[in-house]
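Fold and geometry: a report
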Amino acid sequence: MWLSDRRTFLTLLTAGALGACGFTPVYGPGGTGEGLRGAITIAAPDDRDGFELVKQLESRLGRNLSAPYRLTYRITTRTQGMGVTPSQEITRTQVLGAIEYQVVHEASGDVVHEGSVSNFTSYSSEGSTVSTASVERAAYRRLMISLADLITTRLMGGYSSWAR
């Protein structure tokens, strides 16, 4: 019985604290997600990683070629061997990625927001050449999706401070 009372207490405490601080859901009515959707044009990709990034960003932020803001980005990736057998064969590869991005106000040309995000993923290097190439491509795709989600979170979190 004490455990259920504790859960109730913590639930009420959390709800009260969030309500008192002015918490508003990002995707709720009047949330920043509402104003940000369709407000940013994303720079065209020039490689596979860029394509995956832009695809994910547009699914989160919407697509609008005449938006008041433009997002530019620079992707850097590198790999590093992780699992090594006694005979010095790499069995697992880690893919590290970072993106530096800027949001530019189209009318004025001012940089209104900028930042960087980084993350990693990995894949097994064991198996045939074809299977390794397939899992490597999937790892890069997962990495770009996670980096796009991090950018989206940062944009949504700070939109009200830089939106004009």
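Residues numbered from 1 in each chain as written. Predicted model: local features only at pLDDT ≥ 70, side-chain atom pairs only at ≥ 80, totals over all residues. Heavy atoms only, no water.

1. Focus: the overall build of the protein chain
Helices and strands together make up the secondary structure of the protein chain, namely four helices and four strands. Each helix and strand of the protein chain, ordered N terminal to C terminal, gives the series α-α-β-α-β-β-β-α. Within the protein chain, the fraction of its 164 residues that count as buried is 32%. Restricting to contacts in the protein chain with at least 6 residues of sequence separation, those with at least 24 account for 63%. Just so you have it, the protein chain exposes about 10000 Å², and 55% of that area is on carbon and sulfur atoms. (Helix = DSSP H or I, 4+ residues; strand = E, 2+ residues; numbered from the N terminus. Buried < 20%, exposed > 50% of the residue type's maximum accessible area, 1.4 Å probe, protein only. Contact = heavy atoms within 4.5 Å. Areas by Shrake-Rupley, 256 points an atom, 1.4 Å probe, with all protein chains shown as cover.)

2. Describing the packing of aromatic side chains
All told, the structure shown has two aromatic pairs when counted by the stated rule. With centroids separated by 5.1 Å and ring planes inclined at 90°, the aromatic side chains of tyrosine 159 and tryptophan 162 adopt a geometry described as edge-to-face. You can see tyrosine 159 and its partner tryptophan 162 sitting in helix H4 (residues 129–162), three residues apart, about one turn around the helix. A single burial state applies to tyrosine 159 and to tryptophan 162, both of which are buried. Grouping aromatic residues by their ring pairs yields a cluster made of Tyr69, Tyr159 and Trp162. (Phe/Tyr/Trp six-rings, centres within 6.5 Å; stacked < 30°, edge-to-face > 60°.)

3. Details of the pattern of salt bridges
Tallying each qualifying case throughout the model produces six salt bridges. Here glutamate 52 makes a salt bridge to lysine 55, at a shortest N to O gap of 3.8 Å. With glutamate 52 and lysine 55 both in helix H3 (residues 48–61) and three residues apart, the pair spans about one turn of that helix. Take glutamate 52: its relative accessible area is 13%, and that puts it in the buried class. (Salt bridge = Lys/Arg side-chain N within 4 Å of Asp/Glu carboxyl O.)

4. Examining the sheet that holds strand E2 (residues 69–84)
Ordered by their spatial adjacency, four strands build an open sheet running E1-E2-E3-E4, and the pairing between neighbours is mixed. Whereas interior strands pair on both sides, the edge strands pair on one side only; in this sheet they are strand E1 (40–42) and strand E4 (111–124). Ignoring which end each strand starts from, the neighbouring axes of this sheet average 25° apart. Bridge count between E1 and E2: three bridges; the pairing is parallel. Bridging from a neighbouring strand, threonine 41 pairs with arginine 70 of E2. (Pairing = 2+ DSSP bridges. Axes fitted to C-alpha atoms, helices over the stretch in contact; angles between N-to-C directions.)

5. Considerations on the side chain of serine 125
Considering the arrangement of structural elements, one finds serine 125 in the loop between E4 and H4. Of the polar contacts made by the side chain of serine 125, one reaches the side chain of threonine 93; its length is 2.7 Å. The contacts of serine 125, once residues within four sequence positions are left out, are Ile90, Thr91, Arg92, Thr93 and Thr132. (Polar contact = N/O pair within 3.5 Å; in protein donor to acceptor, adjacent residues only side chain to side chain.)

6. Notes on H4
Over its 34 residues, H4 runs 48 Å from end to end, which matches the ideal 50 Å to within 8%, given 1.5 Å per residue. The largest bend in H4 comes to about 35°, at methionine 156. (Expected span 1.5 Å × (residues − 1). Bend = angle between axes of the 7 residues up to and from the residue.)

7. A word on the pairing of E4
Taken together, the 13 bridges between strand E3 (residues 90–105) and E4 define a ladder with antiparallel strand orientation. Paired with leucine 96 across the bridge in E4 is phenylalanine 120. Connecting E3 to the next strand, E4, in antiparallel fashion are five residues, including glycine 109 with a positive phi near 80°.

8. Quick notes on the environment of glycine 50
Structurally, glycine 50 is set in helix H3. In contact with glycine 50, other than residues within four places in its own chain, are Pro45, Tyr73 and Ile75.

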